[in-house]
Amino acid sequence: MSEKFVIVDGNSLMHRAFHALPPLTNDDGIYTNAVFGFLSMLIKVISDERPDYVAVAFDLHGPT
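Just so it is clear, the structure is predicted and the values come from calculations on it, not from any experiment.

Engineer: Explain the packing of helix α1 (residues 10-20) against helix α2 (residues 33-49) here, please?
Structural biologist: For any two helices packed against each other, one specifies the crossing angle of their axes together with the interaxial distance. Between α1 and α2, the least distance of the axes is 7 Å, while the angle of their chain directions is 120 degrees. In the crossing of α1 with α2, the sense of the turn from one axis to the other is right-handed. Residues Gly10, Leu13, Met14, Arg16, Ala17 and Phe18 of α1 pack against Asn33, Ala34, Val35, Gly37, Phe38 and Met41 of α2. Along the lines of polarity and charge, the residues of the contact of α1 with α2 split into eight nonpolar, three polar and one charged.

Engineer: Mind showing me how you'd approach the packing of aromatic side chains here?
Structural biologist: In this description, an aromatic ring pair is defined by two values, namely the gap between the centres and the angle between the planes. Taken as a whole, this structure holds three aromatic pairs when the rule is applied. An angle of 90 degrees between the planes, with centres 6.3 Å apart, marks the rings of Phe5 and Tyr53 as edge-to-face. With Phe5 in strand β1 (residues 5-9) and Tyr53 in strand β2 (residues 53-57), this pair connects stretches of sequence that are 48 residues apart. Ring plane angle 80 degrees and centroid distance 6.2 Å describe the contact between Phe18 and Tyr31, whose orientation is recorded as edge-to-face. Pair noted here: Phe18 is in helix α1 and Tyr31 is in the loop between α1 and α2, with a separation of 13 residues, a long-range link.

Engineer: Would you take a moment to explain α2 for this structure?
Structural biologist: An α-helical turn contains 3.6 residues, so a residue and the one three or four places further along point in the same direction. Here α2 contains 17 residues, and its C-alpha end-to-end distance of 24 Å stays within 8% of the 24 Å for a straight helix at 1.5 Å per residue. The complete set of buried residues in α2 reads Asn33, Ala34, Gly37, Phe38 and Leu42. Along the axis of α2, the buried positions cluster into a sector of 150 degrees, meaning they face one direction only. Seen from the open side of α2, the exposed residues pointing more than 90 degrees away from its buried face are Ile43 and Lys44. The inward-facing, buried residues of α2 abut β1, α1 and β2. A positive backbone phi angle near 50 degrees is found at Arg50, which sits one or two residues after α2.

Analysis parameters
Residues numbered from 1 in each chain as written. Predicted model: local features only at pLDDT ≥ 70, side-chain atom pairs only at ≥ 80, totals over all residues. Heavy atoms only, no water. Axes fitted to C-alpha atoms, helices over the stretch in contact; angles between N-to-C directions. Helix = DSSP H or I, 4+ residues; strand = E, 2+ residues; numbered from the N terminus. Left-handed = near helix turned anticlockwise from the far one by under 90°. Contact = heavy atoms within 4.5 Å. Nonpolar A, V, L, I, M, F, W, Y, C, P; charged D, E, K, R; others polar. Phe/Tyr/Trp six-rings, centres within 6.5 Å; stacked < 30°, edge-to-face > 60°. Expected span 1.5 Å × (residues − 1). Buried < 20%, exposed > 50% of the residue type's maximum accessible area, 1.4 Å probe, protein only. Arc of directions from axis to C-beta.

Any link to function would need more than the numbers given here.
Right, dumping it as C-alpha cells:
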C-alpha cells in the first residue's frame, strides 16, 4: 500500500474560508471565521482522505 501525502495552499484555503462563512467574531470583535473555516476544512480533508502526511504552506506578505 502506498503512502498518502496531502499538500495544502494555506493562503488560498484561508481566503476561501474567510469569504465562505458569515462574519464570526470573538468577544474582542476580532474576526475568527477564517480560522474556524480553515480548520474545519482541513480536519474534513484529514478525516476523509486519512493521509500519512500533511503539509500546509503559507506565502509571505509582499512580493513573490
